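# Per-entry structural report
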Amino acid sequence: MAEPGRALPVPTPETKHFWEGTAAGELRLQRCDSCGKNYFPPKPFCATCGSRKVSVFKASGKAVLWSYVIHHRPVPGFKPPYAIAVVQLAEGPRMMSNIVECEQTPEALQLDMDLEVVFEKQNDTITLPVFRPAKG
Amino acid sequence: MRRNAVAVVGAAETTDLGVIPNLSQIGLHADAALNAMADCGLRPKDIDGIATAGQTPVELAQYLGITPTWIDGTAVGGCSFMIHVRHAAAAIEAGLAKTILITHGESGKSRIGNPMRRVDPQSLNGQFEQPFGPMGPPSMFTIPVMRYMKTYGVTEEQIAQVSVIQREWAAKNPRATFKTPITTDDVLNSRMIAWPFRLLMCCLVTDGGGALILTSAERAKDFKTRPVYILGTGESAETPMVSQMEDFTSSRAFRVAGPTAFQQAGISPTVKDVDHLMIYDAFAHLPIYGLEDLGFLPRGEAAAFIAGRNTAPGGILPLNTNGGGLSYMHSGMYGMYALQESVRQMRGTAAAQVPNAKISVCHGVGGMFAASGTIIFSNEAP
């Protein structure tokens, strides 16, 4: 689905580690060193307890399909119909993504199905994390 | 804030609704504002407070010839106007202003003076949602619904019923954009937008506006219009990213704003206490979430409640009696039109008037479950 024209992120100082991670083939989350909460999206403090003592860690890349729609309207860089999904990561946080290597149908896309991250390089700086059905 | 200390004395929509090619967005604000002033016999020099979203309150104050002692530019999407009512009521009680004008205008269809906004690619939405292909509310606001359907066993047919029943209300309203009755099959066979959402489960896109004028309950008695009192109010916010909602089957912002308003009003979310209800319906699932999060029904029961015709004409809980965003009109920030319908119901002037309605609850959403505002109105003097 990495056709030209897809909206691409522009990293900020607070999110740079995440996008450097995907470019290196890692899904990086953050954890609060004070209260232990895993969180996403990236920021330099914990919104659960307010602590600035936080660490970046490599997530497992395992997730389940939490919810989605199958979009039927044209969007630059996408070929309808395609699913816009939210996945629940094994570490707790949820993130929006796409489901690849899978029919984009209600029958194929079952909620709670096991997924694993794969990385789609868009250009020299941006690689997007997307998910495919887990291969065991 | 005290109950019933503040009242709506002026209320009006733009002269036209639907496609309005002869007014820009600020012109729609002004048309509605002038209509609301005419409704209660005021002129711009009589207004000392102004709140708006879409335009800035500075733009509106200058455009209308108002010198304010109080301004509010809260702009959190379609429920901004509920929140303006809440802030205005507090400001009047605190003596910050005596007569407050709240305006809305939106050239949602014709897009004159209303440029398309782009998502900033450095924002969190721009980095962590936009790259995955959403295109505005139809493909974003709908994302949590599959989780709701699986959790509670709700069907596409039940969600379609929301659209069918709101069209029944719209059929009674000469100003509604769509009045022709529809069936469940019509909804399910309409063009697929973002499965499971079809075209007829999504709101209209139209031009229009509305305005409200609030003053103290004491002063309200001097106006020719029937006062509509503010009995309770609430507001909250959750997340600008739909993917980051805490619970995909419920809105935290709804669960804060709603009960805050009911507590202040001293009533409960029951058919016994509430005669008329508006729940902002940009999409067909919103009345379902709203009925549950406001506390009218236990989780998972609202879809069957609606399909069972309890909110339909003749039902025990008349809901979205103007036809709603699904059939009446939806300029983009629909909250003002829900407020207008609540005021009409309390004045006894609605097209589909609920007989003897004394309390109306008006619940709004901003963004995609991002924010919320709830206003409870009464037409009984304090």
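Residues numbered from 1 in each chain as written. Chains lettered and ligands numbered in written order. Predicted model: local features only at pLDDT ≥ 70, side-chain atom pairs only at ≥ 80, totals over all residues. Heavy atoms only, no water.

## Focus on the overall build of chain A
A count of helices and strands for chain A gives one helix and eight strands. Element order for chain A, N to C, with α for helix and β for strand: α-β-β-β-β-β-β-β-β. Whereas a compact globule of 136 residues would reach a radius of gyration of roughly 14 Å, chain A reaches 15 Å, a difference of no more than 12%. By the burial criterion, 52% of the 136 residues in chain A qualify as buried. Put simply, 51% of the contacts in chain A that link residues at least 6 apart link residues at least 24 apart. When the accessible surface of chain A is totalled, it reaches about 6,300 Å², and 51% of it is carbon and sulfur. Within chain A, the 14 negative side-chain charges are centred at a point lying 7 Å from the centre of the 16 positive side-chain charges. (Helix = DSSP H or I, 4+ residues; strand = E, 2+ residues; numbered from the N terminus. Rg over C-alpha atoms; globule rule 2.2 N^0.38 Å. Buried < 20%, exposed > 50% of the residue type's maximum accessible area, 1.4 Å probe, protein only. Contact = heavy atoms within 4.5 Å. Areas by Shrake-Rupley, 256 points an atom, 1.4 Å probe, with all protein chains shown as cover. Lys, Arg positive; Asp, Glu negative; His and termini not counted. Charge placed at Lys NZ, Arg CZ, Asp CG, Glu CD.)

## A few points about the overall build of chain B
When helices and strands are counted, chain B shows 13 helices and 11 strands. What you see for chain B is a C-alpha radius of gyration of 19 Å, in line with the 21 Å of a compact globule of 382 residues. C-alpha atoms of chain B, sized along the principal axes, occupy 55 × 50 × 40 Å. Looking at chain B as a whole, 65% of its 382 residues are labelled buried. For chain B, contacts bridging at least 24 residues in sequence account for 73% of all contacts bridging at least 6.

## Remarks on the pairing of strand β2 (residues 49-52) of chain B
Residues and elements named next belong to chain B. Neither face of β2 is exposed, since Gly-49 and Ala-51 on one face and Ile-50 and Thr-52 on the opposite face are all buried. With three bridges connecting them, β2 and strand β3 (residues 70-72) associate as parallel partners. Bridging from a neighbouring strand, Ala-51 pairs with Asp-72 of β3. Note that the unit made of β2, helix α2 (residues 57-64) and β3 has a crossover that is right-handed. (Pairing = 2+ DSSP bridges. Right-handed = clockwise from strand over helix to strand, strands pointing away.)

## Let's talk about the packing of helix α9 (residues 252-265) of chain B against helix α10 (residues 286-293) of chain B
Residue and element names in this part refer to chain B. At a closest axis distance of 9 Å, the pairing of α9 and α10 adopts a crossing angle of 55°. For the element pair α9 / α10, the angle class is oblique. In the packing of α9 onto α10, the handedness of the crossing is right-handed. Contacts from Phe-254, Arg-255 and Pro-259 in α9 reach Leu-286, Tyr-289, Gly-290 and Asp-293 in α10. When the residues that make up the contact of α9 with α10 are grouped by side-chain class, the tally is four nonpolar, one polar and two charged. (Axes fitted to C-alpha atoms, helices over the stretch in contact; angles between N-to-C directions. Parallel < 35°, antiparallel > 145°, perpendicular 65-115°, else oblique. Left-handed = near helix turned anticlockwise from the far one by under 90°. Nonpolar A, V, L, I, M, F, W, Y, C, P; charged D, E, K, R; others polar.)

## Looking at the interface of chain A and chain B
Contact residues are listed per partner, giving 40 residues for chain A and 34 residues for chain B. Taken together, both faces of the contact between chain A and chain B bury some 3,100 Å²; the carbon and sulfur share is 65%. Connecting chain A to chain B are two salt bridges. Note that Arg-147 of chain B and Asp-112 of chain A form a salt bridge whose closest N and O atoms lie 2.8 Å from each other. The tally of links from chain A across to chain B stands at 17 residue pairs in polar contact (both at pLDDT 80 or more). The leading source of residues in the side of chain A that touches chain B is strand β4 (residues 62-71) of chain A, at seven residues. (Buried area = accessible area lost by both parts, 1.4 Å probe. Salt bridge = Lys/Arg side-chain N within 4 Å of Asp/Glu carboxyl O. Polar contact = N/O pair within 3.5 Å; in protein donor to acceptor, adjacent residues only side chain to side chain.)

## Considering the confidence of the model for chain B
For chain B, mean pLDDT is 97; residues scoring 70 or higher make up 100% of the total. Both scores are given for the predicted complex: the pTM is 0.97, the ipTM 0.96. (pLDDT = per-residue confidence, 0-100.)

## A closer look at the packing of aromatic side chains
Two numbers describe a pair of aromatic rings. These are the distance of the centres and the angle of the planes. Across all of its chains, the model carries 17 aromatic pairs over all chains by this definition. Consider the rings of Phe-141 of chain B and Phe-369 of chain B, whose centres lie 4.9 Å apart with planes at 85°: the pair is edge-to-face. With a gap of 228 residues between them, Phe-141 of chain B in the loop between α4 (124-128) and α5 (145-152) and Phe-369 of chain B in the loop between β10 (359-366) and β11 (371-378) connect regions that are remote in the sequence. Between Phe-254 of chain B and Phe-369 of chain B, the aromatic rings sit 5.7 Å apart at their centres with planes inclined by 65°, giving edge-to-face as the arrangement. Taken together, the positions of Phe-254 of chain B in helix α9 and Phe-369 of chain B in the loop between β10 and β11 put the pair 115 residues apart, joining distant regions of the chain. Take Phe-254 of chain B and Phe-369 of chain B: they sit in the same class, and that class is buried. Three or more aromatic residues joined by ring pairs form one cluster here, namely Phe-141, Tyr-148, Tyr-152, Phe-197, Phe-254, Phe-283, Tyr-289 and Phe-369 of chain B. Above the plane of the ring of Phe-57 of chain A lies Arg-31 of chain A, whose end atom (NZ or CZ) is 4.0 Å from the centre. In this arrangement the basic side chain of Arg-94 of chain A is found over the ring face of Phe-248 of chain B, its NZ or CZ atom lying 5.1 Å from the centre. (Phe/Tyr/Trp six-rings, centres within 6.5 Å; stacked < 30°, edge-to-face > 60°. Lys NZ or Arg CZ within 6 Å of the ring centre and 35° of its normal.)

## Section: the side chain of Asp-273 of chain B
Residues and elements named next belong to chain B. One can find Asp-273 in the loop between α9 and β9 (276-279). Of note is the side chain of Asp-273, whose polar atom sits 3.2 Å from the side chain of Lys-272. The residues contacting Asp-273, other than those within four sequence positions of it, are Ile-267, Ser-268 and Ile-359.

## Observations regarding α2 of chain B
Residue and element names in this part refer to chain B. For α2, the set of buried residues is Pro-57, Leu-60, Ala-61 and Leu-64. For α2, the angular spread of buried residues about the axis comes to 100°, placing them on one side. Looking at α2, the residues exposed on the side facing more than 90 degrees away from the buried face are Val-58 and Gln-62. Here the buried face of α2 lies against α1 (25-40), β2, β3 and β4 (100-107). Gly-65, located one to two residues past α2, shows a positive phi value of around 80°. (Arc of directions from axis to C-beta.)

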